[in-house]
Amino acid sequence: MVGAAEEARLNRLESQVDNGGGGAWEYLCLVQKLGARRSEKVLKHGLSILNDPRARSRLGVEEWTLYEQVAIAALDCQQIDVAKECIAALSMKFPGSIRVGKLEGMLLEAKEAWADAEKAYARLLEDSPLDQVILKRKVAMAKAQGNPAAAVEYLNKYLEIFMADHDAWRELAEIYVNLQMYKQAAYCYEELILCQPIVPLYHLAYADVLYTMGGLENIQTAKKYYASTVNLTGGKNTRALYGLCLCGVVIGQLTKGRNKDEKAESPDMSSLAAKALLKDYKERSPEKLSLVTTMMKNMKLIS
Amino acid sequence: MAEDLVLDTAIRDWVLVPLSVVMVLIGILRYFVAKLMRSSQALDLKIVREGQLILRARSLRAAAGFVPAKSFRARRFYYTNEENGLLHVPKGQAQNTQAQMFSDPNMAMDMMKKNLSMIIPQTLTFAWVNFFFSGFVAAKIPFPLTPRFRSMLQNGIDLSTVDVSYVSSRSWYFLNLFGLRGLFSLILGEENAMDDTQRMMQMGGFGVDPTKNLSTEKDGLDIIQHEWALPKIEQRAEQILRKLVK
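Residues numbered from 1 in each chain as written. Chains lettered and ligands numbered in written order. Predicted model: local features only at pLDDT ≥ 70, side-chain atom pairs only at ≥ 80, totals over all residues. Heavy atoms only, no water.

Novice: How would you sum up unusual backbone geometry? Please name residues and give values.
Specialist: Residues and elements named next belong to chain A. For Gln78, which is not glycine, the phi dihedral falls at a positive 60°. Tracing the sequence through the fold places Gln78 in the loop between α5 (62-76) and α6 (80-93). For Lys300, which is not a glycine, the phi torsion comes out positive at approximately 60°. Along the chain, Lys300 turns up in the segment after α18 (289-298). Note on Lys300: relative accessible area 73%, which makes it exposed. (Helix = DSSP H or I, 4+ residues; strand = E, 2+ residues; numbered from the N terminus. Buried < 20%, exposed > 50% of the residue type's maximum accessible area, 1.4 Å probe, protein only.)

Novice: Go over the packing of helix α1 (residues 9-37) of chain B against helix α7 (residues 169-179) of chain B, please, and point to the residues and values.
Specialist: Residues and elements named next belong to chain B. One way to put it is that α1 packs onto α7 with a least axis distance of 10 Å and a crossing angle of 30°. The orientation of α1 with respect to α7, classified from their angle, is roughly parallel. Helix-helix and strand crossings are classified by hand; for α1 and α7 the assignment is right-handed. Across from Val15, Leu16, Leu19, Ser20 and Met23 in α1, the residues of α7 making contact are Ser169, Trp172, Tyr173, Asn176 and Leu177. (Axes fitted to C-alpha atoms, helices over the stretch in contact; angles between N-to-C directions. Parallel < 35°, antiparallel > 145°, perpendicular 65-115°, else oblique. Left-handed = near helix turned anticlockwise from the far one by under 90°. Contact = heavy atoms within 4.5 Å.)

Novice: So what about the packing of helix α12 (residues 182-195) of chain A against helix α3 (residues 69-80) of chain B? Which residues, and what values?
Specialist: Running from N to C, α12(A) and α3(B) cross one another at 85°; their axes reach a closest spacing of 12 Å. If you check the angle between α12(A) and α3(B), you find them roughly perpendicular. Packed against α12(A), whose contacting residues are A:Tyr187, A:Glu190, A:Glu191 and A:Leu194, the element α3(B) presents B:Ser71, B:Arg75, B:Tyr78 and B:Tyr79 at the interface. Residue composition of the contact of α12(A) with α3(B), grouped by class: 4 nonpolar, 1 polar and 3 charged. (Nonpolar A, V, L, I, M, F, W, Y, C, P; charged D, E, K, R; others polar.)

Novice: Describe helix α2 (residues 24-34) of chain A, naming the residues involved and giving the relevant values.
Specialist: Residue and element names in this part refer to chain A. Turning to α2, its buried residues number three or more, namely Ala24, Tyr27, Leu28, Leu30, Val31 and Leu34. Along the axis of α2, the buried positions cluster into a sector of 160°, meaning they face one direction only. On the buried face of α2, the contacting elements are α1 (4-18), α3 (39-50) and α5. Two residues or fewer past α2, Gly35 is found with a positive phi of approximately 70°. (Arc of directions from axis to C-beta.)

Novice: How would you explain the UniProt feature "transmembrane region" (unreviewed entry) in chain B if you had to name every residue and give the values?
Specialist: All names here are of chain B. Taken from the UniProt record, the annotation "transmembrane region" (unreviewed entry) applies to residues 14-33 and 119-143. Along residues 14-33 the backbone is 100% helical and 0% strand, and the end-to-end C-alpha distance reaches 27 Å. Within the segment residues 119-143, helix and strand shares are 60% and 16% respectively, and the terminal C-alpha atoms sit 34 Å apart. (UniProt positions renumbered as here; feature names shortened; annotations may be inferred.)

Novice: Let's hear about the packing of aromatic side chains: which residues, and what values?
Specialist: Counting across every chain of the model gives 15 aromatic pairs over all chains. Here A:Trp64 and A:Tyr67 contribute two aromatic rings whose centre-to-centre distance is 5.4 Å and whose plane-to-plane angle is 20°, an arrangement assigned as stacked. Pair noted here: A:Trp64 and A:Tyr67 are both in helix α5, with a separation of 3 residues, about one helical turn. A relative accessible area of 11% places A:Tyr67 in the buried class. With a centroid separation of 5.3 Å and 85° between ring planes, the pair formed by B:Trp128 and B:Phe133 is classed as edge-to-face. (Phe/Tyr/Trp six-rings, centres within 6.5 Å; stacked < 30°, edge-to-face > 60°.)

Novice: Explain the environment of B:Tyr79 to me, and be specific about the residues and the numbers.
Specialist: Summarising the element assignment, B:Tyr79 is placed in helix α3. Counting along the chain gives 142 residues from B:Tyr79 to B:Leu221, while the straight-line C-alpha distance between them is 8.5 Å. Setting aside its immediate chain neighbours within four residues, B:Tyr79 contacts A:Glu191, B:Leu53, B:Arg56, B:Ala57, B:Leu60, B:Gly85, B:Leu86, B:Leu87, B:His88 and B:Leu221.

Novice: Give me the interface of chain B and chain A: which residues, what numbers.
Specialist: For interface size, the figure often reported is the accessible area lost on association. Counting residues at the interface gives 36 residues for chain B and 37 residues for chain A. When chain B packs against chain A, close to 3,100 Å² is buried across both sides, 68% of that on carbon and sulfur atoms. Of all residues in chain B, B:Arg56, B:Arg75 and B:Leu241 bury the most surface against chain A, accounting for 20% of the area lost on that side. Seen at the junction of chain B and chain A, the total is 5 salt bridges. Across the pair B:Glu234 and A:Lys224 runs a salt bridge, and its minimum N-O distance is 3.9 Å. Run the count over chain B and chain A and you get 11 residue pairs in polar contact (both at pLDDT 80 or more). (Buried area = accessible area lost by both parts, 1.4 Å probe. Salt bridge = Lys/Arg side-chain N within 4 Å of Asp/Glu carboxyl O. Polar contact = N/O pair within 3.5 Å; in protein donor to acceptor, adjacent residues only side chain to side chain.)

This is the structure we're talking about:
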């Protein structure tokens, strides 16, 4: 994930480079460092450096990392010929390197030659069975082939070893949500919350999963996690506010007819959330205010 | 106190400067030899897994309050149960690292390489300095010092009458040996400058028992009292919303 300040810097540099202000190499370095995915720009500016022998030789040894970056960007943009050239240059320079081997595997992937790519990765894994990138490539490949069950299997195998890798947990959680396996997804989100307890997005996603699972207990828990998202974002997260409203309504329906003293506190929170939502809409999107107001009225959250 | 000694300029030209230059060159040479001999260390599955496991267990311990009690208990059972918990180390299986070292020839080989690249050039240069330059004063530092420094600066000269600010050639060698680190970090780059003092420290600190880490982590998890933080957070969120609505 890219922080807001860094993203602003990246965008500034990008517009500078786009308008011919120079600094292409700095831009490429920043993209690399942040792990941003701007393949088209990287391809364009990277190629302009690589095609200029003077600029290229000025980079020194960094030339080869640029080749790698451009190759990956080209694969992302389906410019297979360009990628092929870059990878050929790299394998001339570094014969037998695992890092180049990965690129060759990715080239096969881009051509959708799945069996060959699989073979290439298997060969690389013989040399270094604990290579995280290759293991993740296999997951990505399973996903690209439209086979989430296999991706889940690979990811689980990966997480058995690298169990502190939270990006992998997030990926697994998202796949589980897509497969509607909410219990498993909830487990993954719990793991993410444990790993980084102050990231509001994980609290929000966990609450979503719990709400989707349903049942009084789950929804009460979901409400707590929506509340904690509100707490972590200072009430700026619209989705969390909606979540609080819905949780309040559903809890009200589920506990209807039971003893009343439990119910006493719950509508308070959701009506507060509803008011906060309305205020937010009034400020930022007044034309939709009436829609939201009628909806809230239908849910009996505001009078 | 004796009068000022007059140092021959030939000493500067043929001892002081050559000694320093030789030390620098040897340092650089050794760096490249070490680079040649370094074998990329293959990661061991078990060690990687244990490291990751400890990280994960630690984050569970640190952030226990952020998950519901049921999830916490399930995880704790998963980690610490006595039959097949991840952190549970069966008795007797805790092999000591000494035995592991002997069973793995690569490890011993690595150590030997490290030591060879350190000890051999050091003994050689020390013998060389001792043979050619022993027993005379090679330099004078421009400020006075207390007699305590005599053993540091006048190694090889057993005269109590010589002022402490004179440096013997053998001491000059030692000063160079330990003091050139800054220069190496300039020449070879920040992380490559490994001086001998550091290496000696590394020798002492190896051989930590990984199973011990696991059982400490297990004990830590066992004694944790789980307290769900969310109800409190909910109240705080309510306050935030109140403030927002106002």
